[in-house]
Amino acid sequence: MEPALFIVFGAIAVGGAIMVVTRRHPMASALYLILTLFAVAGLFVLRQAHFLAAIQVIVYAGAVVVLFVFVIMLINVPEDKLPVERVTGMRFLGVVVAGLLILESALIVRRSGMAGTPAADSGSVEAVGRALFTDYLLAFELTSVLLLAAVIGAIALAKKKI
Amino acid sequence: MMEPSAYLLLSGILFGIGVAGVVARKNVLIILMSVEIMLNAVNVAFIAVGSSLGDVTGSIFAFMVMTVAAAEAAVGLAILIAIYRLKETIDITELSILKW
Amino acid sequence: MVGGILNYLWLVPALPLLGVIVNSAIALFAERPLLLAEAGSEEHGHGTSLHGAGHHAAPPYRRLVAFLGPAVVGASFLVSLLSVLALAARPAHDRLFVQVLFPWVTAGSFDAAVAFQLDPLSSVMILVVTGVGFLIHVYSVGYMSHEKAFARYFVYLNLFTFTMLLLVLGSNFLLMFVGWEGVGLCSYLLIGYWYEKKSAADAGKKAFIVNRVGDFGFLVAIFLIFWTFGTVDYPEVFARIPGLADSGVLTTGVATAITLLLFVGAVGKSAQIPLYVWLPDAMEGPTPVSALIHAATMVTAGVYMVARTSPLFLLAPASMAVVAVVGAATAIFSATIGICQNDIKRVLAYSTVSQLGYMFLACGVGAFTAGIFHLMTHAFFKALLFLGSGSVIHALSGEQDMQKMGSLKKRLPVTFTTMFIATLAISGIPGLSGFFSKDEILWKSFSSGHGHVGLWLVGTAAAGITAFYMFRLVFLTFFGPSRMDPEVEKHVHESPYSMTVPLMLLAVLSVGGGWIGIPEALGGHNYFEAWLAPVFGHGAEGAAHGGAHHSAALEYLLMAGSVGVALCGIGLAYYLYRGRPEKPKEIAGRVPGLYDVVFHKYYVDEIYDAVIVQRIVNGSIWLWEAFDATFIDGIVNGVATIVSGAGDRMRRVQTGVVGNYALSLLVGAVILVGFLIWP
């Protein structure tokens, strides 16, 4: 069951990601990004990480991408003012090197050969919640500080008159 | 159950696509989305290895990454808005005053 | 109690140092603002006092300086006197006192402490330095009373006394070198005291640079001594001589090298051929400075150093011969120059050079005692001569040309009397100090094992010439018709007591200073030789050994000969400058070429200028233009050009486009990962 679903979700994720980076208009990219994120959430479910899958949908698809869409519509760049993408030596080199990076990661994966099955409760809401509020309590609280900082920063940056 | 190698390979592919988007695109919005893809790719790796080791730490890490990603997106987009107000462009190659 | 004073030996140099500190504080904080204010007001055209503070109500600090400057040296003299008495109370073989104050330079096997050594030799030196120095300080109070930079003068004078005492009291070569450099510095400062005058500033520089040539030799000699002996302490070095000589480490060659290098230093400091040229020019300084530095003390440092290292010199007969020949040559060479000089101070300067030649002649023939003896008596009468000439110059409002003097005998009685005594002393008239010391040298140069009849002949001839030009000086200055400017003549006055009393005291010393060393041939007892015997035991012995073959009759004969020569010189001077005043010009006219050469000091300065100075100047210009401006600057500018050029190209890497930075980051990461997973 899992391999089949993996192939489906993986293909959607990869295809969506490719579409994200290749669309001309950012709105299209944002919609494909949602697709990719959902596919990744599906992959999380396959690995029994239910909690992560949930917040992937809620936080990413629900908040971050909405934020993107919101900004895209807010600044509303006219079609003719969108940057003109042209293939230059630099860009081509970048894509080639990115391909090399994928190749290298494939090599590493082939060499490492990890084995094992997922524990039933390793990613469940209960297990993650327990760990978050016991062992990682300090880190968890600090993320709230980080988010607060991000909120203040975002407000300060986006204000009309600083 | 599958071994995590396939997930790791998928993670590498997603990461590579994200990287290609960052270095090859001029649109700042799409670059930011590519960064999100890269972060997601890392999360896939964390979850895959974490679950196959039966350890919750992978999930915790992925959770932290998500938090950072959210913060990054908020601040990044705020900066983008500020820049757009100032320069009327979202072309990254035109935002190159920070040199010699 | 008697010995206890020796523990306060450090006070001898420390007291002048105290004077330096207090006086320089006064000079900096009290005098300098006044001088600057005055210079400022003169510049702005409404200057009130051209004659300086001297004629106004003297600022109180001048009284303090006038008291303190001489007082510290006087106190130092008292301590020295008591210390020497304490030393004399000890048995002869025990007359060596070393006071270690604190360790100074300790590096590996090298160890030099700040330590003072009192032995018969250094005791003579500190008495001369502080005694004569004190009189000159007192004299300076009167002589310099019209000077604006009064405190500065005394700072230098005290500093000089301090460094000179360091030189003679130091218990190792390194401390001696510090003092050696210190007196060089002070002579530079004092010669250039009137630094507004270009000739004075140049003379100061000349003295400094010529001295530096000698100092180099001295420094190399110290290195060589350390290399050979492994120490620089006098007692250690001299104690190791016999052992090292036996073991073959200290060969005659090494000893010759060391002593010749030491002698190079001595030649520079004591103004011998070929480095004597700075001394006559040094007369640009104030006259008491000439008396203190360039007659009585500093120039004798070289003689002291040769005497101090006499055990080494005795190991190197070749060096002894060099010392003797250079001394004799200098004695006669500069004496002949002295004949033709018209500047009263320059005559005395060449006379000093000549007398120093005598001292080296004495050292060179192994008669170190005689050399030091002459050093002492010379300090008395030459200081007196300089101070007397200073008194004359003071009376004549700064006139130094003897051709514009004359008939001052009645106008300056004290100055005349004292200077006449000094002239008799330097000429070697029996009974006065110069006679005993000079005759001792001449006798030793004839009789000693290192001596030679030729040296004696040269020395005697120089003695005759000395008598001639000294009496020429006296006749031109004090006798005959007045040749002064009428304006100057109106102001002629005898000097104040602060100047005449030192003259009188020095006159007494010039007469009696020699009586402590009356040779036994004349029925005296040579206390001086006995006193120095512990230091020069070996040398004196050798000299006496050589002299044993000669009879007392011969000594009388030679004595009579030198006195006769001196009298001939005096008679000739009388004949030429009193009897037939037109004669000198006539003679000069008859041999114009020779007269010109001598008058221009054998053109030595010109030769040095052409052969050495111009070469160095041209070489320096070449180095500046070709080497420094092209090569060094080329390197510096080249580096700058390369760096800025490289930067100009490199900065293009920084495009400001974030994508490019991300790409380079990516390439770096890929390379790094590739390197890590490389099979």
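Computed from a predicted model, the values in this text were never measured in an experiment.

1. Some remarks on the overall build of chain A
(1) Moving on: The number of helices and strands found in chain A is six helices and zero strands.
(2) Moving on: Order of helices (α) and strands (β) in chain A, N terminus to C terminus: α-α-α-α-α-α.
(3) Moving on: Residue burial in chain A is summarised as follows: out of 162 residues, 38% are buried.
(4) Moving on: Sequence-distant contacts in chain A: of pairs separated by 6 or more residues, those separated by 24 or more amount to 59%.
(5) Moving on: In the form shown here, chain A has an accessible surface area of approximately 9000 Å², with 75% of it arising from carbon and sulfur atoms.

2. Considerations on the interface of chain A and chain B
(1) Moving on: Listed by partner, the interface residues are 78 residues for chain A and 71 residues for chain B.
(2) Moving on: Contact between chain A and chain B buries roughly 6700 Å² in total, counting both sides, with carbon and sulfur atoms accounting for 77%.
(3) Moving on: One can count two salt bridges joining chain A with chain B.
(4) Moving on: The partner of B:Arg25 in a salt bridge is A:Glu85, with the nearest N and O atoms 3.1 Å apart.
(5) Moving on: Those elements that provide at least two residues to the side of chain A that touches chain B are helix H1 (2-22), helix H2 (26-46), helix H3 (50-75), helix H4 (89-112), helix H5 (125-133) and helix H6 (137-158) of chain A.

3. Structural notes on the packing of helix H10 (residues 287-296) of chain C against helix H15 (residues 368-395) of chain C
Residues and elements named next belong to chain C.
(1) Moving on: Where H10 contacts H15, the axes come no closer than 9 Å and their chain directions differ by 160 degrees. Comparing the axis directions of H10 and H15 gives the class roughly antiparallel. Both H10 and H15 take part in a crossing whose hand is right-handed. Of the residues in H15, those in contact with Thr287, Pro288, Ser290, Ala291, His294, Ala295 and Ala296 of H10 are His378, Ala379, Lys382, Ala383, Phe386, Leu387, Ser389, Gly390 and Ile393.
(2) Moving on: For the contact of H10 with H15, the class distribution of residues is nine nonpolar, six polar and one charged.

4. Let's talk about the interface of chain C and chain A
(1) Moving on: Each side of the interface is counted separately: chain C has nine residues, and chain A has 11 residues.
(2) Moving on: Inspection of the region where chain C meets chain A yields zero salt bridges.
(3) Moving on: Where chain C meets chain A, there are two residue pairs in polar contact (both at pLDDT 80 or more).
(4) Moving on: Of the residues contributing to the side of chain C that touches chain A, the split by class is seven nonpolar, two polar and no charged.

5. Side note on the pairing of strand E1 (residues 97-107) of chain C
All names here are of chain C.
(1) Moving on: As paired strands, E1 and strand E2 (residues 110-118) are joined by nine bridges and run antiparallel to one another. Each bridged residue has a counterpart across the sheet, and for Ala107 the counterpart in E2 is Phe110.
(2) Moving on: Count of turn residues in the E1/E2 antiparallel hairpin: two residues, of which Gly108 carries a positive phi of about 60 degrees.

6. Describing the pattern of salt bridges
Residues and elements named next belong to chain C.
(1) Moving on: Scanning all chains against the criterion turns up 18 salt bridges over all chains.
(2) Moving on: We note a salt bridge from Glu236 to Arg240, for which the minimum N-O separation is 2.7 Å. Here Glu236 and its partner Arg240 are both found in helix H7 (residues 234-247), four residues apart, which amounts to about one turn of the helix.
(3) Moving on: The salt bridge partner of Asp648 is Arg652, with a shortest N-O separation of 3.9 Å.
(4) Moving on: Relative accessible area serves as the criterion here: at 34%, Asp648 is assigned to the partly exposed category.
(5) Moving on: Connected through salt bridges with shared partners, the residues Lys206, Asp281, Arg346 and Asp605 form a single ionic network.

7. Some points on the packing of aromatic side chains
Residues and elements named next belong to chain C.
(1) Moving on: Enumeration over the complete set of coordinates arrives at 30 aromatic pairs over all chains.
(2) Moving on: Both rings, one in Phe150 and one in Phe154, keep their centres 5.2 Å apart while their planes meet at 70 degrees; by these two values the pair is edge-to-face. Highlighted residues: Phe150 and Phe154, both in helix H4 (residues 150-169), separated by four residues, approximately one helical turn.
(3) Moving on: Classification of Phe154 by relative accessible area gives buried; the value is 0%.
(4) Moving on: For the pair Phe173 and Tyr234, a centre-to-centre distance of 5.1 Å together with 90 degrees between the ring planes defines the contact as edge-to-face. One end of the pair, Phe173, is in helix H5 (residues 173-191); the other, Tyr234, is in helix H7, with 61 residues separating them in the sequence.
(5) Moving on: Pairwise contacts between aromatic rings join Phe416, Phe420, Phe471, Phe475, Phe478, Phe479 and Tyr574 into one cluster.
(6) Moving on: Looking at Arg212, its charged tip hangs above the ring of Phe208, at a distance of 4.3 Å from the centre.

Analysis parameters
- Throughout, residues of each chain are indexed from 1 in the direction in which the sequence is written.
- Working convention: letters from A go to chains and numbers from 1 go to ligands, in the order in which they are written.
- Given that this is a predicted model, residues contribute local features only at a pLDDT of at least 70 and side-chain atom pairs are listed and counted only at 80 or more, while totals for whole chains, interfaces and linings are drawn from all residues.
- Side-chain descriptors were evaluated using all non-hydrogen atoms of the structure, hydrogens and water having been removed beforehand.
- Note on conventions: DSSP H or I runs of at least 4 residues are helices, E runs of at least 2 residues are strands, and numbering of each starts at the N terminus.
- Partly exposed describes any residue whose relative accessible area lies between the buried limit of under 20% and the exposed limit of over 50%, with all areas from a 1.4 Å probe on protein chains only and scaled to the type maximum.
- Working rule for contacts: check all heavy atoms of both residues, and any pair within 4.5 Å makes them a contact.
- For accessible areas, the Shrake-Rupley method is used with a probe of radius 1.4 Å. Any residue's cover is judged against the shown protein chains and nothing else.
- The term buried area denotes the loss of accessible surface (1.4 Å probe radius) that occurs when two parts are joined, taken as the sum for both partners.
- We count a salt bridge whenever a side-chain nitrogen from Lys or Arg sits within 4 Å of a carboxyl oxygen from Asp or Glu.
- Under this scheme, a helix contributes an axis fitted over its contacting stretch, all axes are lines through C-alpha atoms, and angles between N-to-C directions fall in the 0 to 180 degree range.
- An angle below 35 degrees is treated as roughly parallel, one above 145 as roughly antiparallel, one from 65 to 115 as roughly perpendicular, and anything else as oblique.
- Should the near helix be turned anticlockwise from the far one by less than a right angle, the crossing is termed left-handed; should it be turned clockwise, right-handed.
- Note on residue classes: Ala, Val, Leu, Ile, Met, Phe, Trp, Tyr, Cys and Pro are nonpolar, Asp, Glu, Lys and Arg are charged, and everything else, Gly too, is polar.
- Whenever two N or O atoms come within 3.5 Å, that pair is a polar contact, provided that in protein one can donate a hydrogen and the other can accept it, and provided that, for residues adjacent in sequence, both atoms are side-chain atoms.
- Strand pairing follows a simple DSSP-based rule, namely that at least 2 bridges must link the two strands.
- Each pair of aromatic rings taken from Phe, Tyr and Trp, with Trp reduced to its six-membered ring, is defined by centres within 6.5 Å and is described as stacked if the planes are under 30 degrees apart, edge-to-face if over 60, and tilted in the remaining cases.
- Sitting over a ring, as applied to charges here, requires NZ of Lys or CZ of Arg to be within 6 Å of the ring centre and within 35 degrees of the ring normal.

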